[in-house]
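Descriptive structure summary
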There are 2 protein chains.
Amino acid sequence: MDIADMAQRLIAGERRALARAITLVESGRADHRAQATELLATLGTEKQALRIGLSGTPGVGKSTFIESFGLMLTGQGMRVAVLAVDPSSSRSGGSILGDKTRMDLLSRDPAAFIRPSPSQTHLGGVARRTREAVALCEAAGFDVVLIETVGVGQSETVVAQMSDLFLLLLAPAGGDELQGVKRGIMEMADLIVVNKADGDLKATAMRTQADYAGALRLMRKRPQDPDGYPCAMTVSALEQRGLPEVWQSLKSLSDWRRDHGFWELTRATQARYWFEDAVKTALLAQLAQPHARAALAQLSDAVARGEQEPAAAAAAFVRELRVDDV
Amino acid sequence: MDIADMAQRLIAGERRALARAITLVESGRADHRAQATELLATLGTEKQALRIGLSGTPGVGKSTFIESFGLMLTGQGMRVAVLAVDPSSSRSGGSILGDKTRMDLLSRDPAAFIRPSPSQTHLGGVARRTREAVALCEAAGFDVVLIETVGVGQSETVVAQMSDLFLLLLAPAGGDELQGVKRGIMEMADLIVVNKADGDLKATAMRTQADYAGALRLMRKRPQDPDGYPCAMTVSALEQRGLPEVWQSLKSLSDWRRDHGFWELTRATQARYWFEDAVKTALLAQLAQPHARAALAQLSDAVARGEQEPAAAAAAFVRELRVDDV
């Protein structure tokens, strides 16, 4: 694979080059990993999109929201990429971006690029690969990268770790259900958007928005927020109402953060996090190399037979691994 | 520290040597780690105790059970060690073996050795150190090692990974609460013991025992179980009734497993697990070495400034780390 050529085509905006590059960063093969690393280094980190993390449980209308919101942005001349982090252990058939037909118009929009979640190994691996796919989309010149996840487990934390802004999408619900959103997620949100503010649900949506606005006011002020943030709004993705206001709100917040140094600070902190994550992954990847695996299997057998004690065998292995590699 | 001398004293049954050895394996210092590894290698894995994992939520009478059960065993001439894995993120004041006065008689018994959970870093670290403390207790000639934990989160899985037998202690409760025990924990249990079968609670305890016995019969048969296992029993730790039956039941099961190869198989599988765990820990421990930390900090700064891409910087770091070390 010619990495320089792939980089050039990707920067030039060739969709196929981007798709192939994402497949490359998603691969678990050692040679692919080395090529992916080379590609990412070649592309650098100069071009930046606005990265918007987006979480919502199934049923809140996430696909409809992304379709309507994405089309509004492309309508304003922006290029929009949509990626996903799927925290489920086994691939849930079409539940998260598996089925592009749920975003029919957006998926056919030449200014949009939709990519399903990489296939499962573990959340950590999916996270790193999605973070790298975000970097590829930035290099390809997208203006906005939406990173979708569902509101369960650790996936929101992981998505927040690669986003400039975090949007929590909710459905209209009675006041009692406000407890359903975990405090940790509330503390991550820059914007809470109550969807389905249409038809019979409109009044409930307004009440839900007011409930969350009240809850947000009670939370401790974060240094990265100007007055009035985080805030809660209502939209109807179906009727395409409230979406310009959501965009305006996100834009104002990101402009303020740029002006006050928080944008750069967040990006720097996140880059450090992913660097340390990559270091740990690379160290542990040594164990998958053929000679390491052979030595590991041999020592593991000795340990299983009780001939060696686990800690001593491990220390011996790590010593040997280093000498072997030079 | 003279490791050969410490090993000799520990094998001779000196309590102070055992206590100091456990402190050594619990230490996070690199030089202590090397000494701990040497000590464990010196002691080997020949002497084996019966390792009993014991889980129960607060309020089931775990301390009383351990005290009564432990005293019964020492009364029969056995030497008993009690260790703990505390999964709570911050040390919970005295809730788990922090306060030996809750096992007043056992803690003063010369045939017993009680050690609180090591201070917290993360569960993984606590687990490895407790596993090594178990090995030290075995080398010191204890017949039974009880490894206590509370029934929350991942700690039961970790304790099961270092136990020959796993005992789940429960309090009498209405049938509805049977759901409170997670299926994964039920599947781990070799013996379910309903405590507090005394006074007003006796009838409830019997019903609870019957409920769990029924639930166990519905579960898939495991190859490592003879007929009639896993089973459910009642005890009164307070009135010291039912304890010989619990011991008999555990003894029969472990004898059967020894005779049928499952004891060795489990020990071998566990040893492999802890070996692989120690390898990963040792690999990541390289990051804590001074020259690695300096290189890491420098690269992290470059990544934060956007001069290097996280994945490329990580690959460069891992290459450099190996060359530096030889």
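Here the structure is a predicted model, which is why all the values come from computation and not from measurement.

Of regular secondary structure, chain A possesses 13 helices and seven strands. The buried share among the 326 residues of chain A stands at 53%. Restricting to contacts in chain A with at least 6 residues of sequence separation, those with at least 24 account for 75%. Accessible area for chain A stands at about 14,600 Å²; split by element, carbon and sulfur atoms hold 52% of it.

When chain B is brought onto chain A, the operation consists of a screw motion whose angular component is 180 degrees and whose axial shift is 0.1 Å, with 0.1 Å RMSD remaining. Such a combination of turn and shift is consistent with a two-fold rotation axis. In this assembly the copies share their binding face: 100% of the residues contributing to the interface of chain B also contribute to that of chain A.

A word on the pairing of strand S4 (residues 144-149) of chain B. Residue and element names in this part refer to chain B. For S4, the tally of buried residues reaches six of six residues, placing the bulk of the element in the interior. Burial along S4 is two-sided: Val-144, Leu-146 and Glu-148 and Val-145, Ile-147 and Thr-149, pointing in opposite directions, are all buried. Here six bridges tie strand S1 (residues 50-55) to S4, and the two strands are oriented parallel to one another. Across the sheet, Ser-55 pairs through a bridge with Thr-149, a residue of S4.

Residue and element names in this part refer to chain A. The biggest cluster of nonpolar side chains holds 51 residues, and the ones touching the most others in it are Leu-10, Leu-18, Leu-39, Leu-136 and Ile-192. In terms of residue count, helix H6 (residues 123-139) provides more of this core than any other element does, eight residues in total. Looking at which domains feed residues into this core, each of domain 1 (1-44) and domain 2 (46-260) gives three or more. Other than its neighbours up to four places away in sequence, Leu-136 contacts Leu-10, Leu-18, Ala-21, Ile-22, Val-25, Leu-39, Leu-40 and Leu-43.

Residues and elements named next belong to chain A. Here strand S6 (residues 191-194) runs beside strand S7 (residues 231-234); their pairing, made up of four bridges, is parallel. Along S7, the bridge assignment pairs Leu-191 with Cys-231. Following the backbone out of S6, through helix H9 (residues 202-217) and into the adjacent parallel S7, one traces a crossover that is right-handed.

Time to look at the packing of aromatic side chains. All names here are of chain A. Per the counting criterion, the structure on display carries 10 aromatic pairs over all chains. Ring centres of Phe-65 and Phe-69 lie 5.2 Å apart, and the angle between their planes is 15 degrees; this geometry places the pair in the stacked category. Taken together, the residues span about one helical turn, with Phe-65 and Phe-69 both in helix H4 (residues 62-75) at a distance of four residues. Each member of the pair, Phe-65 as well as Phe-69, carries the same accessibility label: buried. Between the aromatic rings of Trp-256 and Phe-262, the centroid separation amounts to 5.8 Å while the plane-to-plane angle is 10 degrees, which identifies the pairing as stacked. By relative accessible area, Trp-256 is classed as partly exposed at 23%. The rings of Phe-65, Phe-69 and Trp-247 are connected pair by pair, giving a single aromatic cluster. In this structure, Arg-79 is placed above the aromatic ring of Phe-142, and the distance from its NZ or CZ to the ring centre is 4.3 Å.

Before going further, it helps to examine the environment of Ala278(A). In this fold, Ala278(A) is placed in helix H11 (residues 262-285). On a C-alpha basis, the gap between Ala278(A) and Arg128(A) in space is 7.8 Å, while along the polypeptide they are 150 residues apart. Each residue touching Ala278(A), except ones within four places of it in the same chain, is listed here: Pro310(B), Ala311(B) and Ala314(B).

On to the domain arrangement of chain A. Residues and elements named next belong to chain A. Taken domain by domain, chain A consists of domain 1 (1-44) and domain 2 (46-260). Listed per partner, the contact involves 16 residues of domain 1 and 20 residues of domain 2. Surface buried jointly by domain 1 and domain 2 totals about 1,500 Å² across both partners, of which 60% is contributed by carbon and sulfur atoms. In this assembly, domain 1 and domain 2 are joined by two salt bridges.

All names here are of chain A. Taking 1.5 Å of rise per residue, 14 residues should cover 20 Å, and helix H3 (residues 30-43) covers 20 Å from first to last C-alpha, within 8% of that figure. Inspection of H3 places His-32, Gln-35, Ala-36, Thr-37, Leu-39, Leu-40 and Leu-43 among the buried residues, and these make up the whole buried set. In the stretch just after H3, Gly-44 is the one whose phi turns positive, near 70 degrees.

Listed as interface residues are 41 residues of chain B and, on the opposing side, 41 residues of chain A. Of the roughly 3,700 Å² buried between chain B and chain A, counting both surfaces, carbon and sulfur atoms make up 74%. If you look at where chain B meets chain A, you find four salt bridges. For Asp301(A), the salt bridge goes to Arg272(B), with nearest N and O atoms at 2.8 Å. At the surface where chain B touches chain A, the tally comes to eight residue pairs in polar contact (both at pLDDT 80 or more).

Okay, the pattern of salt bridges next. A complete count under the given rule lists 42 salt bridges over all chains for this structure. Ionic pairing is found between Arg128(B) and Glu132(B), a salt bridge with its closest N-O pair at 3.7 Å. Of the two residues, Arg128(B) and Glu132(B) are both situated in helix H6 (residues 123-139); the distance of four residues between them amounts to about one turn of the helix. We classify Arg128(B) as buried; its relative accessible area is 12%. Notably, a salt bridge pairs Glu239(B) with Arg241(B), separated by 2.2 Å at the nearest N-O pair. Through salt bridges with shared partners, a single network forms among Arg51(A), Glu138(A), Asp164(A) and Arg267(A).

Reading the values: rules and limits
Residues numbered from 1 in each chain as written. Chains lettered and ligands numbered in written order. Predicted model: local features only at pLDDT ≥ 70, side-chain atom pairs only at ≥ 80, totals over all residues. Heavy atoms only, no water. Helix = DSSP H or I, 4+ residues; strand = E, 2+ residues; numbered from the N terminus. Buried < 20%, exposed > 50% of the residue type's maximum accessible area, 1.4 Å probe, protein only. Contact = heavy atoms within 4.5 Å. Areas by Shrake-Rupley, 256 points an atom, 1.4 Å probe, with all protein chains shown as cover. Least-squares fit on C-alpha atoms with pLDDT ≥ 70 in both. Pairing = 2+ DSSP bridges. Core = buried A, V, L, I, M, F, W, Y, C linked by side-chain atoms within 4.5 Å. Domains from an automatic or database assignment. Right-handed = clockwise from strand over helix to strand, strands pointing away. Phe/Tyr/Trp six-rings, centres within 6.5 Å; stacked < 30°, edge-to-face > 60°. Lys NZ or Arg CZ within 6 Å of the ring centre and 35° of its normal. Buried area = accessible area lost by both parts, 1.4 Å probe. Salt bridge = Lys/Arg side-chain N within 4 Å of Asp/Glu carboxyl O. Expected span 1.5 Å × (residues − 1). Polar contact = N/O pair within 3.5 Å; in protein donor to acceptor, adjacent residues only side chain to side chain.

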